[in-house]
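# Understanding the architecture of this molecule
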Amino acid sequence: MRRSKIFLPTLKENPSEASITSHRLMLRAGMIRQSSSGIYTWLPLGYKVLKNIENIIRNEQNLISQELLMPTIQDSEIWKKSGRFEDYGKEMLKFKDRHEHELIYGPTNEELITDIFSKNVMSYKSLPLCLYHIQWKFRDEIRPRFGVMRGREFLMKDAYSFDKNKEDSIKCYNRMFLSYLRIFNKMQLKAIPVAADTGPIGGDLSHEFIILAETGESDVFIDKNILNEVIPDIKYDDSDKIAKLVNKLTAFYAAADDKHNEDKYLNAVKKDDMLQTRGIEVGHLFYFGDKYSKPLDANITNIEGNNSPVEMGSYGIGVSRLVGAIIDAHHDEKGICWPESVAPYIVGIINLRANDILCSELSDKIYNYLINNNIEVLYDDRDEGAGIKLAEMDLIGIPWQIRVGPRGIKNGYFELLNRESGNIIEISVNETDSIIKNIIG
RNA sequence: CGGGGCGUAGCGCAGCCUGGUAGCGCACCUGUUUUGGGAACAGGGGGUCGAGUGUUCGAAUCACUCCGCCCCGACCA
């Protein structure tokens, strides 16, 4: 994509509406624009990142679950059946259609998926089953804030598991646990599993995955040693090994303020290993048994030939929130430093002097070379001052910058800069091939 | 919902206290010169001053009402 063509309205100054880093940078980098409190338009650059995150989640979840797509608008009936029509309270957006029929904009999908399940699955032989979708939700938050971190409209991946008994359901829970570790790891995030309250979803087993960040919303108390844990290479069908991993990781003290117990903390963790900070919740696992299957009559015939409510769990990831969380973890004073796995473009070419034939020819050549090699590239071909282009490329955080200028060309090279480290490699103008070698390593 | 703050050009702000018909920087358009870290000069365009009502000869400015947005608390992916 050429910079002269892309719709990328960047801001030089900090918008007054944004107080935290990720929000400020998303507005400045032309990723989002607010439409109403807690509701945002995703501009092309931001939308690319959002889709990249979505795809990381999708690719990993597909190994243990099947994707479908449920609607955003739901009938109020099933919510009345489950009892949450009242329980969910004002956070749930309710409205009527032209026939005065009551509808809601889904804040989550347990009722709907349970309804689908109950109408289509009858026997334990069809289990286990795990389904997920990635869909926009609406929760009428009391106070939306921090941009995309606590929007009212937000993109969420939510998975739902159906099993014939608790034992199998826990196995699925554990697979999700591993899947989440891998997903966040691929985004260069250190996510810590923390024992959690189940809130309005309900249930008796639950973990939150929390990213440590100063701008996080909840206080967390952890044993630092958990940060050194490496995710082992385990297959998803190896339930025993996964269970051991889950046990190992959940054995570390890690709690958000609502579950924190100071005495336990002092007992379990050495003073030097204590870390109290703030965190952003990016994922949540729930096992809740028959909480929804019972009221919604989602029964299966078991091996004895009797009907019993199916065992369920649900597993969420805040997809749009992750964009903010990743920025929070990967930025510096100049702007964003995207991890390659989610970056909107892998390489940014800056033609430092667009009206110089040699610079433009070389820039064009590199641009075409990268396109032909299927590398996502943003080419700043504008006839602007060098400073503007350099500062903007830093701001939007493309992981690799190629700088083509008269100074380098005179000496027969152009520059390849790594955004995060700031390291610059000089590459001979005749060796464009070595760009890829340097990037891929 | 309680507490605080803000609303004036696309963005950031001044003007309001003490009423006299709107200004600055950036951005934008034209031209010239520039060009390795947000350039210089010259010229130009853009505003129902959040909305309504009232006070007044006259309201961005004063009063009342409403709306929107941000920040702190309770809720959550």
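That block above? That's the structure.
To keep things clear, this report deals only with the structure shown in the data block. (Residues numbered from 1 in each chain as written. Chains lettered and ligands numbered in written order. Predicted model: local features only at pLDDT ≥ 70, side-chain atom pairs only at ≥ 80, totals over all residues. Heavy atoms only, no water.)

### Focus: the overall build of chain A
Looking only at helices and strands, one finds 13 helices and 23 strands in chain A. Computed over C-alpha atoms, the radius of gyration of chain A comes to 25 Å, within 12% of the 22 Å expected from 2.2 N^0.38 for 441 residues, which places it in the range of a compact globule. Projecting the C-alpha coordinates of chain A onto the three principal axes gives extents of approximately 80 × 60 × 40 Å. When burial is assessed residue by residue, chain A has 56% of its 441 residues classed as buried. Here the contacts in chain A between residues at least 6 apart in sequence split such that 70% fall between residues at least 24 apart. (Helix = DSSP H or I, 4+ residues; strand = E, 2+ residues; numbered from the N terminus. Rg over C-alpha atoms; globule rule 2.2 N^0.38 Å. Buried < 20%, exposed > 50% of the residue type's maximum accessible area, 1.4 Å probe, protein only. Contact = heavy atoms within 4.5 Å.)

### Details of the pairing of strand 13 (residues 274-289)
Buried residues dominate strand 13, accounting for twelve of its 16 residues. In this sheet, strand 13 lies alongside strand 11 (residues 218-223) in antiparallel orientation, the contact comprising six bridges. Across the sheet, the residue bridging to Asp219 is Arg278, located in strand 13. Two strands pair when backbone bridges link them, and strand 13 and strand 16 (residues 311-318) are joined in this way by six bridges, in the antiparallel orientation. Within the sheet, the bridge partner assigned to Gly289 lies in strand 16 and is Met312. (Pairing = 2+ DSSP bridges.)

### Observations concerning the nonpolar core
The nonpolar side chains of soluble globular proteins are, as a tendency, buried together. Judged by nonpolar contacts, the single largest core of 79 residues is most densely connected at Met31, Ile53, Phe184, Met187, Val323 and Trp338. With nine residues, helix 6 (residues 166-186) is the single largest residue contributor to this core. Counting contributing residues, this core receives three or more from each of domain 1 (21-335) and domain 2 (347-440). Setting aside chain neighbours within four positions, we find Trp338 in contact with Met31, Val49, Val323, Ile326, Ile327, Ala343, Pro344, Ile396, Gly397, Ile398 and Pro399. Leu127, Tyr160, Phe162 and Phe288 belong to the second largest nonpolar core, which has 24 residues in total. (Core = buried A, V, L, I, M, F, W, Y, C linked by side-chain atoms within 4.5 Å. Domains from an automatic or database assignment.)

### Comments concerning the packing of helix 2 (residues 44-61) against helix 9 (residues 319-329)
Their axes nearest at 9 Å, the elements helix 2 and helix 9 cross at an angle of 110°. Relative to helix 9, the element helix 2 lies roughly perpendicular. For the pair helix 2 and helix 9, the crossing hand works out as right-handed. Facing Val49, Leu50, Ile53, Glu54 and Ile57 of helix 2, the residues of helix 9 in contact are Val319, Ser320, Leu322, Val323 and Ile326. Class assignment for the residues of the contact of helix 2 with helix 9 results in eight nonpolar, one polar and one charged. (Axes fitted to C-alpha atoms, helices over the stretch in contact; angles between N-to-C directions. Parallel < 35°, antiparallel > 145°, perpendicular 65-115°, else oblique. Left-handed = near helix turned anticlockwise from the far one by under 90°. Nonpolar A, V, L, I, M, F, W, Y, C, P; charged D, E, K, R; others polar.)

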